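For reference, the chains in residue letters:
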Amino acid sequence: MGKPNVSILLLASVLLLMACSQQAARNESLSLDEHLATLGYRQGEPVTAVWYIDIDGWQYLDKRHLLLGTGPGRSYLVEFSYPCRNLSFSNLISYSTTVGSLTTLDRIVSIDSSGFPEYCLIGGLYRLEKLPKVSAPAS
């Protein structure tokens, strides 16, 4: 069996992530943990890779963090090695990888409205854990 064509994987990831992007205004006064809690998550253990099939959407958190996998399945926190400035303005991202899954030292490519790409190096990947739902007190 031959190697997967990286350009086809990249194109597929662009189309998938463009269709599923979710931009939300980030309250910069909140810490990362507080922001994750408002979304119903907490940061879990580090992972070495995120299988491409688990990437079904994304959400901007801040210039150093991105949430991947906004559907009903697994969700992950991406931590960049350095700030990725395009993400708050971009609604089109892709990723570049050669192994079929996203790993540290791979890159998220953020493309702004003029088509300018910014390559954001991944420094860490973490599984996100769903917080238990808090039921409203009975009256």
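This structure is a prediction, so every number in the text was calculated from the model and none was measured.

(A) Region of the structure containing the nonpolar core. Among the nonpolar cores identified, the biggest contains 19 residues, and Leu 66, Phe 80, Leu 87, Leu 102 and Ile 108 are the most heavily contacted of them. Counting residues in hydrophobic clusters, the runner-up holds eight residues, among them Leu 36, Leu 61, Leu 67 and Tyr 126.

(B) Quick look at the environment of Leu 87. The topology assignment puts Leu 87 in the loop between strand E6 (75-80) and strand E7 (92-96). A C-alpha to C-alpha distance of 8.8 Å links Leu 87 and Glu 118, two positions 31 residues apart in sequence.

(C) The arrangement of a nonpolar patch on the surface in detail. A grouping of Trp 51, Tyr 52 and Ile 53 is seen on the molecular surface, where their side chains present a nonpolar patch of about 340 Å² in accessible area. Relative to the elements of secondary structure, Tyr 52 occurs in the loop between strand E3 (49-51) and strand E4 (58-62).

(D) Examining the pattern of salt bridges more closely. Applying the stated criterion to the full structure yields one salt bridge. Among the ionic pairs, Glu 129 bridges to Arg 42, the shortest N-O distance being 2.9 Å. Placement of the pair is Glu 129 in strand E10 (residues 117-130) and Arg 42 in strand E2 (residues 41-46), with a sequence separation of 87 residues. Judged by relative accessible area, which is 42%, Arg 42 ranks as partly exposed.

(E) Layout of the side chain of Asp 106. On the secondary structure map, Asp 106 appears in the loop between strand E8 (101-103) and strand E9 (107-111). Although buried, Asp 106 forms no salt bridge, and the nearest oppositely charged side chain, Arg 107, lies 7.1 Å from it. Only 2.8 Å separates the side chain of Asp 106 from the backbone nitrogen of Thr 103, close enough to count as a polar contact. Ignoring sequence-local partners within four residues, the contact set of Asp 106 consists of Ser 96, Thr 97, Ser 101, Cys 120, Leu 121 and Ile 122.

(F) Here's a closer look at the pairing of E6. The buried count for E6 comes to five of six residues, which makes it a mostly enclosed element. With four bridges connecting them, strand E5 (residues 65-68) and E6 associate as antiparallel partners. When the sheet's bridge partners are listed, Leu 68 is paired in E6 with Tyr 76. Pairing between E6 and E10: six bridges, direction antiparallel. Counted as the bridge partner of Phe 80 is Ile 122 from E10.

The rules we used
- Residues numbered from 1 in each chain as written.
- Predicted model: local features only at pLDDT ≥ 70, side-chain atom pairs only at ≥ 80, totals over all residues.
- Heavy atoms only, no water.
- Core = buried A, V, L, I, M, F, W, Y, C linked by side-chain atoms within 4.5 Å.
- Buried < 20%, exposed > 50% of the residue type's maximum accessible area, 1.4 Å probe, protein only.
- Helix = DSSP H or I, 4+ residues; strand = E, 2+ residues; numbered from the N terminus.
- Patch = residues over 30% accessible without salt bridge, like charges linked within 9 Å, V, L, I, M, F, W, Y side chains within 5 Å.
- Areas by Shrake-Rupley, 256 points an atom, 1.4 Å probe, with all protein chains shown as cover.
- Salt bridge = Lys/Arg side-chain N within 4 Å of Asp/Glu carboxyl O.
- Lys, Arg positive; Asp, Glu negative; His and termini not counted.
- Polar contact = N/O pair within 3.5 Å; in protein donor to acceptor, adjacent residues only side chain to side chain.
- Contact = heavy atoms within 4.5 Å.
- Pairing = 2+ DSSP bridges.

Just distances and angles here, no functional claims.
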